[in-house]
Structures are given as structure tokens and as C-alpha cells.
Amino acid sequence: MGINLNTPEVESREQRLGTIISWDGKASKLSDESQAMRRGCNSCRLCDLDGPFSQGRVCSEQMVECQAGNVRGAVLIQHSPVGCATGQVVYSNIYRNGLALRNLPVENMRAISTNLDENDMVFGGVDKLSQSIEDAWERYHPKAIFIATSCATGIIGDDVNSVAEEYTAKLGIQVIPLHCEGFKSNHWSYGFDSTQHGILRQLVKRNPKKQADLVNVINLWGSDVFSPMLGELGLRVNYVVDMATVEELSQLSEAIATVGFCYTLSSYMAAVLEKEFGVPEVKAPQPYGFAGTDAWLREIARVTHREEKAEAYIKKEHERVKPKIEELKKKLKGVKGFVATGSAYAHGLIAVLRELGIDVDGSLVFHHDPVYDSGDERQDSLGFLVENYGEVPSFSVSSRQQYQFYGLLQRVKPDFILIRHNGLAPLASRLGIPAAPLGDEHLAVGYQGMINLGESILDILAHKKYHQDLAEHVKLPYKKWWLKQDPYELVKKVDE
Ligand code: SF4
């Protein structure tokens, strides 16, 4: 599928994977309808419901900002109007928190905007780009420079690739164009692919010296839960992309396997590492709940030849966590949860909630990939969820539209929500529903993750009264006629 390191641009998720951002129905139906794409039928794509408007989006350029901008020792240049770079404030904050969480030296992210204006839109902006590269070099002497494109540079057609090539030769470091114009894809996860494509093309070693115990873990800023788990199998972790150094990125090809905490994020990089660099991608369910974690560890063990160690670890962990999970189940009996996160991550979280005996009648995922880049059935995270943990009756795909979220919560009336990308959490609060914001995205990973998540839910339920008080004293901005509508009413009408 669409992997070509000879070109500086990566195909969009819509083209490669048939990604959609609007759908409504049961989880099993979405899983069934995705099967054809998984079998390689490119003309059997899922249909996106077409909304009449969008209340807000995150764009792929912002994902490049938070990935390439969070590589230690590198600088990101955003070749864009300054508005595209406003995310630097929040992503610098997240970067600092992530570094602290991993006990790494805390620093600000290094990012520069070329600050394109009306004049540049008419006469071109490459002079500003060249100046910014020289400024970045003078200020920081980075080990690599990333250049993110934007809608503006996509429209005027600045030749970013030639400038990058010129400065790669001039400075003796890799200057890497990342094509991520916001209009190029409907979903922000394309920004992950764009960053990963640039790293794979220009930073990863072509003649690697294999490190027999190194495993790539494609992740974001989460706490270091993978080192202790993989350490039990005698393996070391190479965390990428956020907070990795340029050297750690270059050794991606030296590892003996690649895993991720979420296939939405790891799909492209892991598939390319296998196809172009011979680093096997671990093709298994994601490491959530007993079923997923057992299968994930066994597959890592098979790929790295550590079966005995894995079995001993699995047995030890089952014995350790099962009594604690039984206790949590008693405390969480009758509780209803709702998951609103990125796609594959939501599949994992729902599995953990079900392990804890929590009812999950509804979920909102911000997009849906019918297949991941490997095309391998063992990575069918939605199918695995339905088969092992049962149906999710209200399973909706929507790219964070506030106007739909109210109706989705009303359908199932949960006691709490799990959410990443907090823009929707205040709305839940106004309805009296507390949210666990999942700032540490590794919280629910593995065996210990079930205990962590159960305890976090008990914590947020303890604050329920506060949210109920809020609900009694605030007014929603919507009119009554709207609140009575089905959340997909307008979308379906447009689709018809
Ligand atoms: S790249 Fe485009 S969509 Fe993204 S912030 Fe800039 S203008 Fe907006």
C-alpha cells in the first residue's frame, strides 16, 4: 500500500487506508464494512457522511508541530503564516511535561515560523524560508532541521524541497521537508505520517548495525511503562518520535522489532521500517486488557525469540493483578463509561473498561482507518474488540464536533467519560459528567494499566457532585429544538 520513500510526500490516509471522519452505527457494523478494504478491495471503500459545516478541526500541520517540533536536538521551521504556529505554546508545554515525566532534561521546544504575509503570498516566501534556516543554524546549531509546509505554501507552490536540498548540502545536516498542508487530508493523523515519512527518508541509517535487544516503541509523551514490561523479556526500548534525539531516530533501522501503543500513530512508520529496512513490525492486538496484552507479548516473544521469558512474565502478572481487578470490579459495578479518543486508542480503552466490568454503550472516535498500513488482519483492533469484548451499540465517528457530542452523550447517559483532546470535556462537565483527561496516554497500557485506569475512574467519580452542581447552574448554548435532534440528523440529511 502507498509506501514510496523516493518521493518527499506521503499519500494521504484517505488514499492509502480509506480513512473516514464521519459515520454512525454499531461497532460490529463498522468492523464488517471495513473488511473489504482489509481484503485489499480498493473500490469497496467506506462512505464518509458529509456534514454541512465543521465546528472546529485540528490539522495535520499541527501534528507535525507536536512531533517534529518535539525532537531533541532538532529545530522545526513552520513555513506558514504565524497563525499556523500558535500551537507552539501548548506543544511546548506538553513537551516540557513529557520530558519531566521521563526524567529527561526539561527544555522548550525549538520552533520558528517564517511568518508569511500578503506580500509573500504574491511574490513567494522562499527567501524568508532560507533566512529562517540560517537563523535556526546560527541560534541552535541543530543536528537536523525539519520544515513543515502549510496551506499557504501549498497554494503558492513554494519549492520547499529545493531549499531543503540546498541547505542539506550547505550545512552538512539533514534539512527535511514535511509536506502537511492542512487541506491535504481530512484528518490530523496524516501529520503523523508526514513526520514519519521525512524521518524515514532522511534520518534513518541505511546500513544499520543491528542491536540484538533493541525494540522501537512508537509513542507520544507517555510515561515509561514499556521499559519495565519489555525489560522482563530482556529487551531495551527505543522511544520515538516525541522526545527522541536525532541519534535515536537514526537507529530505528538497528532495532529487531517495532511496536506501538496505538495503531493510529504507529501504522505508517512501523510498516515502512519492515518493508524498507527489514525491521519486523509486531502484528498483534494492542496491549490493552488481558487478551490484548497476552497476545501482544506472545507475538513480541515470537519475533524476538524470548517465548519462555514471556510466558513466565504473563503468568506472574496475571497472578499479581487479577485479585486487584476483582476488587475494582466490585467498586465499579453498575458504572457506565464513554470513550472519546483517537480511533485505535479507543478500541484499547474500551477493552480495559470491559475488563473492569464497566458498561460501555457508546463511544466517539475522531476518525476510522478501515485498515492499517501493514494490511495484516492481526492488527484489526476494532474486530478484536468486538470479538473479545462484545458490541458497542452506539459507535460514532466524528472529528470532534461539539454540536454532535451533546446528543451522543444523551443517547447513553454515561457516568464518566475518558477523553483525549480536551475541547469536548467542558461540555460533558456542563451535563454533570466528569472526564478523565488521560494526559498520560500510557496510563491504561498492559496489566498494570487496568489497575491504573480503574483507580483513575474511582478518583473522577469521587468528583461527580462537583460536575452535577455545575450542570445545575450553567446553560447550554443550544436551543431546545436542536437538543432534541439526533446528533447525525443534519449530517444524514446532507448525505441523502
Ligand atoms: S496549515 Fe492550514 S489548516 Fe493548518 S493551521 Fe495552517 S492554515 Fe490552518
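What counts, and where the lines are drawn
Residues numbered from 1 in each chain as written. Predicted model: local features only at pLDDT ≥ 70, side-chain atom pairs only at ≥ 80, totals over all residues. Pairing = 2+ DSSP bridges. Helix = DSSP H or I, 4+ residues; strand = E, 2+ residues; numbered from the N terminus. Axes fitted to C-alpha atoms, helices over the stretch in contact; angles between N-to-C directions. Near = placed C-beta within 6 Å. Nonpolar A, V, L, I, M, F, W, Y, C, P; charged D, E, K, R; others polar. Expected span 1.5 Å × (residues − 1). Buried ≥ 20, exposed ≤ 12 C-beta atoms within 10 Å, placed from the backbone. Arc of directions from axis to C-beta. Domains from an automatic or database assignment. Parallel < 35°, antiparallel > 145°, perpendicular 65-115°, else oblique. Left-handed = near helix turned anticlockwise from the far one by under 90°. Contact = placed C-beta atoms within 7 Å. Core = buried A, V, L, I, M, F, W, Y, C linked by C-beta atoms within 7 Å.

This brings us to the sheet that holds strand 6 (residues 214-219). Taking strand neighbours across the sheet as the criterion, the three strands line up as 7-6-8 in an open arrangement whose pairing is parallel. Every other strand in the sheet has two partners, leaving strand 7 (236-241) and strand 8 (257-260) as the edge strands with one partner each. The average angle at which neighbouring strand axes cross in this sheet is 30 degrees, direction not considered. For strand 6 and strand 8, the ladder comprises four bridges, and the chain directions are parallel. Bridge pairing in strand 8 places Val215 opposite Ala257.

This next bit is on the site of the ligand. Surveying the vicinity of the ligand reveals the residues Cys59, Glu61, Ser80, Cys84, Ser150, Cys151, Glu181 and Gly182. A per-class count over the shell around the ligand returns three nonpolar, three polar and two charged.

So, on to helix 6 (residues 126-140). With 15 residues, helix 6 extends 21 Å between its outermost C-alpha atoms, agreeing within 8% with the 21 Å of an ideal straight helix rising 1.5 Å per residue. The complete set of buried residues in helix 6 reads Leu129, Ser132, Ile133 and Ala136. In an axial view of helix 6, the angular spread of the buried residues amounts to 100 degrees, which keeps them on one side of the axis. Those residues of helix 6 that are exposed and aimed more than 90 degrees away from the buried face are Asp127, Gln131 and Glu138. Backbone geometry just downstream of helix 6 places His141 in the positive-phi region, at approximately 45 degrees.

If you check the domain split of the protein, you get domain 1 (13-17 + 55-202), domain 2 (214-303) and domain 3 (322-495). Taking only C-alpha atoms into account, the centre of domain 1 sits 32 Å from that of domain 3. Ranked by the residues each element gives to the side of domain 1 that touches domain 3, the list is headed by helix 1 (residues 13-17), at three residues. Of the residues that constitute the side of domain 1 that touches domain 3, the class distribution is two nonpolar, four polar and three charged.

As a further point, take the packing of helix 6 against helix 8 (residues 160-171). Two elements in contact, helix 6 and helix 8, have axes separated by 11 Å at closest approach and are oriented at 30 degrees. The orientation of helix 6 with respect to helix 8, classified from their angle, is roughly parallel. Crossing geometry of helix 6 relative to helix 8 is assigned as right-handed. For the pair formed by helix 6 and helix 8, the contact residues are Val126, Leu129, Ser130, Ile133 and Trp137 on the first element and Val160, Val163, Tyr167 and Leu171 on the second. When its residues are assigned to classes, the contact of helix 6 with helix 8 shows eight nonpolar, one polar and no charged.

Before going further, it helps to spend a moment on unusual backbone geometry. In this model, Val240 is joined to Val241 through a cis peptide bond whose omega is 5 degrees. A positive phi angle, near 60 degrees, is found at Asn103, a position not held by glycine. You can see Asn103 is positioned in the loop between helix 4 (88-101) and strand 3 (111-113). With a phi angle near 60 degrees, His305 is a residue other than glycine that sits in the positive phi range. Tracing the chain through its elements places His305 in the loop between helix 13 (289-304) and helix 14 (307-331).

Turning our eyes to something else, we now look at the nonpolar core. Across soluble globular proteins, you tend to see nonpolar side chains buried next to one another. Within the largest apolar cluster, 137 residues are counted, with the highest numbers of intra-cluster contacts made by Ile145, Phe146, Ile147, Leu349 and Ile350. Once residues within four sequence positions are removed from consideration, Phe146 is found in contact with Ala68, Ala74, Leu76, Ile176, Leu178 and Gly198.

Attention now goes to helix 16 (residues 381-389). By the criterion of burial, helix 16 is predominantly enclosed, with seven of the nine residues buried. Listing the buried residues of helix 16 in full gives Ser381, Leu382, Gly383, Phe384, Leu385, Val386 and Tyr389. Those residues of helix 16 hidden inside the fold are in contact with helix 2 (27-38), helix 12 (263-277), helix 13 and helix 15 (343-355). Gly390 sits one or two positions beyond helix 16 and adopts a positive phi of about 90 degrees.

Where helix 9 (residues 190-202) contacts helix 12, the two axes come as close as 8 Å, and the packing angle between them is 25 degrees. For the element pair helix 9 / helix 12, the angle class is roughly parallel. Between helix 9 and helix 12 lies a crossing whose hand is right-handed. Here Phe192, Asp193, Gln196 and Leu200 of helix 9 come into contact with helix 12, specifically with Leu265, Tyr268, Met269 and Val272.

For the rest of this paragraph, the subject is the environment of Ala340. Topologically, Ala340 is positioned in strand 9 (residues 336-341). In this structure Ala340 touches Leu364, Ile417, Ile419 and Leu424, once residues within four positions along its chain are discounted.

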